[in-house]
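Structural overview
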Amino acid sequence: MTSTETVPDLITPTWDYAPAPEARDLATIHDTYGLFIGGEFVDPDDGGSMATISPATEEHLADVAVAGERDVDRAVKAARKAFGPWSKLTGTERSKYLFRIARLLQERAREFAVLESIDNGKPIRETRDVDVPTAAAHFFYHAGWADKLDWAGLGPDPRPLGVCGQVIPWNFPLLMLAWKIAPALACGNTVVLKPAETTPLSALLFAEVCQQADLPPGVVNIVTGAGDTGAALVAQTDVDKVAFTGSTAVGKAIARQLAGTGTRLTLELGGKAANIVFDDAPIDQAIEGIVDGIFFNQGHVCCAGSRLLVQESVHDLVVDKLQQRLGTLRLGDPLDKNTDIGAINSAAQLARIEALVEAGEDEGAQRWSPECELPSSGFWFRPTIFTGVGQSSRIAQEEIFGPVLSVLTFRTPDEAVAKANNTPYGLSAGVWTEKGSRILWMADQLRAGVVWANTFNRFDPTSPFGGYKESGFGREGGRHGLVSYLQEEPHR
């Protein structure tokens, strides 16, 4: 190189992502939907209809039937009629139906992924890569259990309970459906399921899958509606078991209502998980786990790592790297394959997030969000970090259920445990450290149903999930999840 030559610019340019939308027409959305009772779509007797909208655009998607008390009664009667023949099938015969449903979910995976993103607001890469594949995996897994219940260590004569009433939330509509329906059917029960009022479409598409799989009429029934529909289902005296996933307040009300009735109950409720980072943790790996722990699905996750506990010596480093990483997240169209942060599910949920964030600022915590343009329509909230958070702060104690992270510090493992357990919830936790002995000690001390080590938000149908305290009781998934759908309890 001569003295007159210039040094080439070696700085890597920053590239903008071109839009990469998934084809919306992969999913067919009907103008109106009825109730799915006795293997057929039927009109409601007394419930009317409600509109479902896209959280990303606020556009009207469809009118969905609202089930009243008489409609819920019809669904329960259909499930009771189907229970006798279904429960008498051999496990091998039942497993064939579950395998068939699992394969159909795989075959129609893109359709389900697009529909879920439109109706829920979550990014297509999450519905495509997590929600739909994991839902299919739950049906595959429980299909394998259907003919092995006698050897599962669940008693000498495991028998189904009967009719199961199941109420699921809006954050994982298809996945929560699979968590509930797959074990119930594998054990020989029949189901009446009530999806969330803001996200009913994937459950109604699943009803079509049940028809396509030739599932006997009445084995699965789906009644749509709001809180009154769910309350009518819980109040049904001919329901043998209720499974509820949702808010702690509603879970408490259900527990009080069913106390002393003999109806079996499992509750998977809220959470305020601690994600604990020690100074010897692989920091870059931990940053990805923190982001996945709280900003996955816009923070609409009951086990979200919404409290970040960082050892004091690495606090500034972790916060600096975390802010840099948040600056790379892309917020926008849920159907764009490049999108990391989708829409908040509803106007009501957005208002709750905004109210709690305002409370965090009023209590003296420092708020930070990356610069990003919000779409002009729909329900949106920037990913947010709070530092300087006190243990008693509302944002450290209350479940926000949004993309908001509270950062606290600790000095010793004992202090980390004390702060992590200082919550009315007990659903999940994460530990980041290179020391295996510390991981085992922490897992033993933390009052959480699930403890992840050097990862977060990892689910598998073979692994049980559930919580302690105000996070509910009972387990879903794994061999433990079968217990709630059988009459015989394991011998202790």
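Presented here is an overview of the structure given in this document. This is a predicted model, so every value here is computed, not measured.

**What to know about the overall build of the protein chain**
Along its length, the protein chain carries 14 helices and 20 strands. By the compact-globule yardstick of 23 Å for 492 residues, the protein chain fits well, its C-alpha radius of gyration being 23 Å. Viewed in the frame of its principal axes, the protein chain has a C-alpha envelope of about 85 × 50 × 50 Å. Scored against the burial criterion, the 492 residues of the protein chain give a buried share of 57%. Taking all contacts inside the protein chain whose residues are at least 6 apart in sequence as the whole, residues at least 24 apart take part in 75%. Here the protein chain has roughly 20,000 Å² of accessible surface; of this, 51% comes from carbon and sulfur atoms. Charge separation in the protein chain, taken as the distance between the mean sites of 44 positive and 63 negative side-chain charges, equals 7 Å.

**Looking at helix α3 (residues 109-120)**
Taking 1.5 Å per residue, 12 residues should reach 16 Å; α3 reaches 16 Å between its end C-alpha atoms and fits that length. Of all 12 residues in α3, 10 are buried; the element is thus mostly enclosed. When α3 is considered as a whole, its buried residues turn out to be Glu111, Phe112, Ala113, Val114, Leu115, Glu116, Ser117, Ile118, Asp119 and Asn120. In the core, the buried residues of α3 are packed alongside β4 (49-53), β5 (60-65), α2 (91-107), α4 (124-145), α5 (173-186) and α6 (201-212). Looking one or two residues beyond α3, the residue adopting positive phi is glycine 121, at roughly 100°.

**Some remarks on the pattern of salt bridges**
On inspection of all chains with the given rule, the structure shows 29 salt bridges. Linking aspartate 131 and lysine 122 is a salt bridge whose minimum nitrogen-to-oxygen distance equals 2.6 Å. We classify lysine 122 as buried; its relative accessible area is 0%. For the salt bridge of arginine 367 with glutamate 361, the shortest nitrogen-to-oxygen distance reads 3.5 Å. Residue classification places arginine 367 among the partly exposed residues on the basis of a relative accessible area of 38%.

**Examining the sheet that holds strand β15 (residues 404-410)**
Read across the open sheet, the 7 strands follow the order β13-β14-β15-β12-β11-β17-β18; overall the sheet is mixed. Every other strand in the sheet has two partners, leaving β13 (366-368) and β18 (450-453) as the edge strands with one partner each. On average, each strand axis in the sheet is tilted by 20° relative to the strand beside it, whichever way the strands run. Across 3 bridges, β13 lies against strand β14 (residues 384-387) in antiparallel orientation. Each bridged residue has a counterpart across the sheet, and for arginine 367 the counterpart in β14 is phenylalanine 386.

**Observations concerning the sheet that holds β5**
Taken in spatial order, the 3 strands of this open sheet run β1-β5-β4, and their pairing is mixed. Strands at the two margins of the open sheet, each flanked by one partner only, are β1 (32-33) and β4. Pairing between β4 and β5: 5 bridges, direction antiparallel. Following the sheet pairing, alanine 51 is matched in β5 by aspartate 63.

**Some remarks on the nonpolar core**
In terms of nonpolar packing, the biggest core is built from 109 residues, with Phe139 and Phe206 touching the most fellow members. Among the elements that take part in this core, α5 stands out by supplying 11 residues, more than any other. When near neighbours in sequence (up to four residues on either side) are disregarded, phenylalanine 139 contacts Leu98, Ile101, Ala102, Leu105, Ala178, Ile181, Ala182 and Phe206.

**Some thoughts on the packing of aromatic side chains**
Throughout the structure, instances matching the rule amount to 13 aromatic pairs. Put simply, the rings of Trp179, Trp452, Phe456, Phe459 and Phe465 touch in pairs and so form one group of aromatic residues. A cation over a ring is seen here: lysine 241 above tyrosine 485, with NZ or CZ 4.1 Å from the ring centre. Directly above the ring of tyrosine 468 sits arginine 447, whose terminal nitrogen or CZ lies 4.2 Å from the centroid.

**Remarks on the side chain of threonine 339**
Relative to the assigned elements, threonine 339 resides in the loop between α10 (315-326) and α11 (347-362). Using a relative accessible area of 5% as the deciding quantity, one classes threonine 339 as buried. Once residues within four sequence positions are removed from consideration, threonine 339 is found in contact with Pro123, Arg125, Arg330, Gly332 and Asp333.

**With respect to α6**
For α6, with 12 residues, the first-to-last C-alpha span of 17 Å sits near the 16 Å given by 1.5 Å per residue. Burial within α6 is extensive, with 9 of its 12 residues counted as buried. Those residues of α6 not exposed but buried are Leu201, Ser202, Ala203, Leu204, Leu205, Phe206, Ala207, Val209 and Cys210. Once α6 ends, the next one or two residues include aspartate 214, with phi positive near 60°.

**As for unusual backbone geometry**
You will see that aspartate 214, though not glycine, has its phi angle at about 60°, which is positive. Relative to the helices and strands, aspartate 214 is located in the loop between α6 and β8 (220-222). Taking the relative accessible area as the measure of exposure, aspartate 214 reaches 54% and is therefore exposed. Positive phi, close to 60°, is recorded for phenylalanine 401, a residue that is not glycine. With respect to the helices and strands, the residue phenylalanine 401 is situated in the loop between α12 (394-397) and β15. Since its relative accessible area comes to 16%, phenylalanine 401 is described here as buried.

**Looking at the pairing of strand β9 (residues 241-245)**
Burial analysis of β9 places 5 of its 5 residues in the buried class, the great majority of the element. Across the two faces of β9 the burial is the same, with Lys241, Ala243 and Thr245 and Val242 and Phe244 all buried. Where strand β6 (residues 163-167) meets β9, 4 bridges bridge the pair, whose relative direction is parallel. Directly across from valine 167, in β9, lies its bridge partner phenylalanine 244. Pairing of β9 with strand β10 (residues 264-268) involves 5 bridges; the strand directions are parallel. Along β10, the bridge assignment pairs valine 242 with leucine 265. The β-α-β motif built from β9, the intervening helix α8 (residues 248-258) and the parallel element β10 has right-handed crossover chirality.

Parameters and conventions
Residues numbered from 1 in each chain as written. Predicted model: local features only at pLDDT ≥ 70, side-chain atom pairs only at ≥ 80, totals over all residues. Heavy atoms only, no water. Helix = DSSP H or I, 4+ residues; strand = E, 2+ residues; numbered from the N terminus. Rg over C-alpha atoms; globule rule 2.2 N^0.38 Å. Buried < 20%, exposed > 50% of the residue type's maximum accessible area, 1.4 Å probe, protein only. Contact = heavy atoms within 4.5 Å. Areas by Shrake-Rupley, 256 points an atom, 1.4 Å probe, with all protein chains shown as cover. Lys, Arg positive; Asp, Glu negative; His and termini not counted. Charge placed at Lys NZ, Arg CZ, Asp CG, Glu CD. Expected span 1.5 Å × (residues − 1). Salt bridge = Lys/Arg side-chain N within 4 Å of Asp/Glu carboxyl O. Pairing = 2+ DSSP bridges. Axes fitted to C-alpha atoms, helices over the stretch in contact; angles between N-to-C directions. Core = buried A, V, L, I, M, F, W, Y, C linked by side-chain atoms within 4.5 Å. Phe/Tyr/Trp six-rings, centres within 6.5 Å; stacked < 30°, edge-to-face > 60°. Lys NZ or Arg CZ within 6 Å of the ring centre and 35° of its normal. Right-handed = clockwise from strand over helix to strand, strands pointing away.

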